[in-house]
Amino acid sequence: MKKSKSEVVFISTPGAFGNLIPLVEFAQLLVNHDPRFHATILIITMPQRPVINTYIESRAAASATSINFLHLPIVDPPAEDEHQSSIAYLSLLIQKNKPHVRHALHDLKSSVESNPVAFFVDMFCTSMIDVANELEIPCYMFFPSPATFLNFMFHIPVLDAKISGEWGDLDAELTIPGFVNSVPPLVLPTALLNKKGDAYACYLTHTARYKQPKGIVVNTFKELEPHALSSLAISDVPRIHAIGPVVDFNGPAHWQSPDHYESVVKWLDDQPLLSVVLLCFGSMGSLGAPQVREIAFGLERVGFRFLWALREPPKSNVYLPSDPANADKALPDGFLKQTSKSGLVCGWVPQVKILAHQAIGGFVSHCGWNSILESLWYGVPIAMWPIYAEQQMSAFEMVKELGLAVEIRVDYREGSKIVLAEEVEKSIKSLMDVDRVVRSRVKDMSEMSRMALMENGSAYQALEGLIEELAPKI
Ligand code: UDP
């Protein structure tokens, strides 16, 4: 008997909003585009990050029956002595879930209704490729980061074989496929700047498997990263599908009390057009007390209106930052009072909705790829302040390769020399005032991002090509 649904199954790196949100939106795009599909998203719960579950609950309610979020049984976390870095912790946690994933996929395969046509694993779930192979389900990768970074991931084993010392000690810049310019070693991810660390080994293990999936879906679009995508197209890598930008336009903060968000929007409604700079450092970004003070002094000096999603560092990196219990205490004496007419310190807000507001004129961002795509969508220029993961490379790409952003410091990372108030002042001034070239390029890219998704746009066509591969129409 022919099964009625083509089931597409997904698994994301646990506890990571930046990976999960675009994966869920991609699943939604697929089922909306072609009703033959039904999606199941396997969830590895990370009890230390309960806010992710709240997001999933609200997102599940919004997607009604088209997506099934299936929570895998909770496994014992990796032991303390098994890992040093968070990527090693997550990779082990993912591996421990293999039996549960096997079981879930097996159940789906045996069901009378659905026929699993693809299993999408995300960038750090490569151990799940084995499960797909065992069960003979075509395996694909979902890559939530830029195409430049995907080129780099493919190139990691080559660099590892070529560079004998530490990558950060190299005098020369690196030639990396997908980048027009040579790349300074100090914009590479922190994980790769210490060969002895377990994060370095993790990157090697994952990237060694990147050629195994049948195809890779990347959350980007041709008009944004033409060079990086052409470079992948002529390489010996799986077929690339650039189906982006996929953005959660409701924002991941569905769960937040509407009062909080509404009071922020009410404040924005009273501000002039393009007058406010938004400062937000992602779901995992927080800065130490001395850096927070310099930002505050910089904001006072530059005098632009601001909305600042200030967050406090977590007690360990297994947890996420939280809104400060007492913002007044975290900031220089009298700052909140002195800036009460021109600024608002707000903690977590649904960023995408804020970026859509007409009062926002610029964005100081940690350069997470979702944040970049959201900002481009709404034509808001960004000043790049990377903190972790691939963000330094994305900052380099946006500033040097694409001319779509203003630089604060592209090689900033946790533990870096502090960005002084003068630097904050200068960059915000350039972002809001001076750099009209960047603003107009961002506006053009905003239009292109919308066109990419329209019928016969580049991303639309890429999606149709993928669908034809997953479930050919007879
Ligand atoms: N986000 C938000 N409010 C915040 C911080 C983050 O809505 O205060 C959202 C943001 O809009 C984006 C996601 O969380 O959709 C973060 O993803 P990104 O790739 O930008 O960075 P990550 O958090 O993965 O570093």
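Please read these numbers as outputs of a predicted model, since none were measured by experiment. Sequence order as written defines residue numbering, which begins from 1 separately in each chain. Restriction of local features to residues with pLDDT of at least 70 applies here, the model being predicted, together with a cutoff of 80 or more for giving and counting side-chain atom pairs; totals for whole chains, interfaces and linings are based on all residues. Working from all heavy atoms in the structure, the side-chain values ignore hydrogens and water.

**Here's the deal with the overall build of the chain**
Working step 1: Every helix listed is a DSSP run of H or I at least four residues long, and every strand listed is a run of E at least two residues long, numbered separately from the N terminus. Counting its secondary structure elements, the chain contains 18 helices and 13 strands.
Working step 2: Based on C-alpha atoms, the radius of gyration is set beside the globule rule, defined as 2.2 Å times the residue count to the power 0.38. For the chain, whose C-alpha radius of gyration is 22 Å, the value lies close to the compact-globule estimate of 23 Å for 474 residues.
Working step 3: The principal-axis extent of the C-alpha atoms belonging to the chain is close to 70 × 55 × 45 Å.
Working step 4: Exposure categories follow from relative accessible area, calculated using a 1.4 Å probe and restricted to protein chains: below 20% of the type maximum is buried, above 50% is exposed, and the middle band is partly exposed. Residues counted as buried form 58% of the 474 residues belonging to the chain.
Working step 5: Residues count as neighbours in contact if any of their non-hydrogen atoms are within 4.5 Å of one another. Taking contacts inside the chain between residues at least 6 apart in sequence as the whole, the part at least 24 apart equals 73%.
Working step 6: On the chain, roughly 19,600 Å² of surface is accessible, and the fraction owed to carbon and sulfur atoms is 53%.
Working step 7: When charges are counted, Lys and Arg contribute as positive and Asp and Glu as negative, whereas His and the chain ends are disregarded. For the purpose of locating charges, the reference atoms are NZ of Lys, CZ of Arg, CG of Asp and CD of Glu. Distance from the positive charge centre (40 side chains) to the negative charge centre (52 side chains) of the chain: 2 Å. The accessible surface values rely on the Shrake-Rupley method and a 1.4 Å probe; as for residues, cover is taken only from the protein chains in view.

**As for the sheet that holds strand β6 (residues 215-218)**
Working step 1: Strands are treated as partners if at least two bridges between them are detected by DSSP. The strand order β3-β2-β1-β4-β5-β6-β7 describes an open sheet built from seven strands, whose pairing is parallel. The outermost strands of the open sheet, each flanked by one partner alone, are β3 (67-71) and β7 (239-242). Neighbour-to-neighbour, the strand axes of the sheet open up by a mean angle of 25°, direction not taken into account.
Working step 2: The pairing of strand β2 (residues 37-43) with β3 spans five bridges and is classified as parallel. Its bridge partner being in β3, Ile 41 is matched across the sheet by Phe 69.
Working step 3: Under this scheme, a helix contributes an axis fitted over its contacting stretch, all axes are lines through C-alpha atoms, and angles between N-to-C directions fall in the 0 to 180 degree range. Its contacts with the sheet put helix α6 (residues 147-162) on β5 (139-143), β6 and β7, and the angle it makes with β6 is roughly 145°.

**Overview of the site of the ligand**
Working step 1: Residues in close proximity to the ligand total 18 residues, the closest being Ser 283, Val 349, Ser 371, Glu 374 and Tyr 388.
Working step 2: In the model, an oxygen atom of the ligand is placed 2.5 Å from a nitrogen or oxygen of the Tyr 388 side chain.
Working step 3: Listed by contribution, the elements that provide at least two residues to the shell around the ligand are α1 (17-33) and α14 (369-377).
Working step 4: If one sorts the elements of the shell around the ligand by residue count, α14 sits on top with four residues.
Working step 5: Here the nonpolar group is Ala, Val, Leu, Ile, Met, Phe, Trp, Tyr, Cys and Pro; Asp, Glu, Lys and Arg are the charged ones; every other residue, Gly included, is treated as polar. Looking at side-chain class alone, the shell around the ligand contains eight nonpolar, nine polar and one charged residues. Note on definitions. A residue lies near a molecule or strand when any single heavy atom of the residue is within 4 Å of it. Any pair of N or O atoms that falls within 3.5 Å is considered a polar contact. Within protein, one atom must be able to donate a hydrogen and the other to accept it, and sequence-neighbouring residues count only if both atoms are side-chain atoms.

**Points about unusual backbone geometry**
Most of the time, phi is negative for any residue but glycine, and the peptide bond is trans.
Working step 1: Pro 245 follows Gly 244 through a cis peptide bond whose omega is 0°.
Working step 2: Unusually for a residue other than glycine, Glu 136 sits at a positive phi of about 55°.
Working step 3: Locating Glu 136 in the fold gives a position in the loop between α5 (129-134) and β5.
Working step 4: With a relative accessible area of 68%, Glu 136 lands in the exposed category.
Working step 5: One non-glycine residue, Asn 456, lies in positive phi territory at about 70°.
Working step 6: Residue placement: Asn 456 occurs in the loop between α17 (436-453) and α18 (458-470).
Working step 7: Taking relative accessible area as the criterion, Asn 456 reaches 56% and is therefore assigned exposed.

**What to know about helix α7 (residues 198-207)**
Working step 1: For α7, a buried count of seven out of 10 residues is recorded, marking the element as mostly surrounded by other parts of the structure.
Working step 2: Every buried residue belonging to α7 is among Asp 198, Ala 199, Tyr 200, Cys 202, Tyr 203, His 206 and Thr 207, and all of these are buried.

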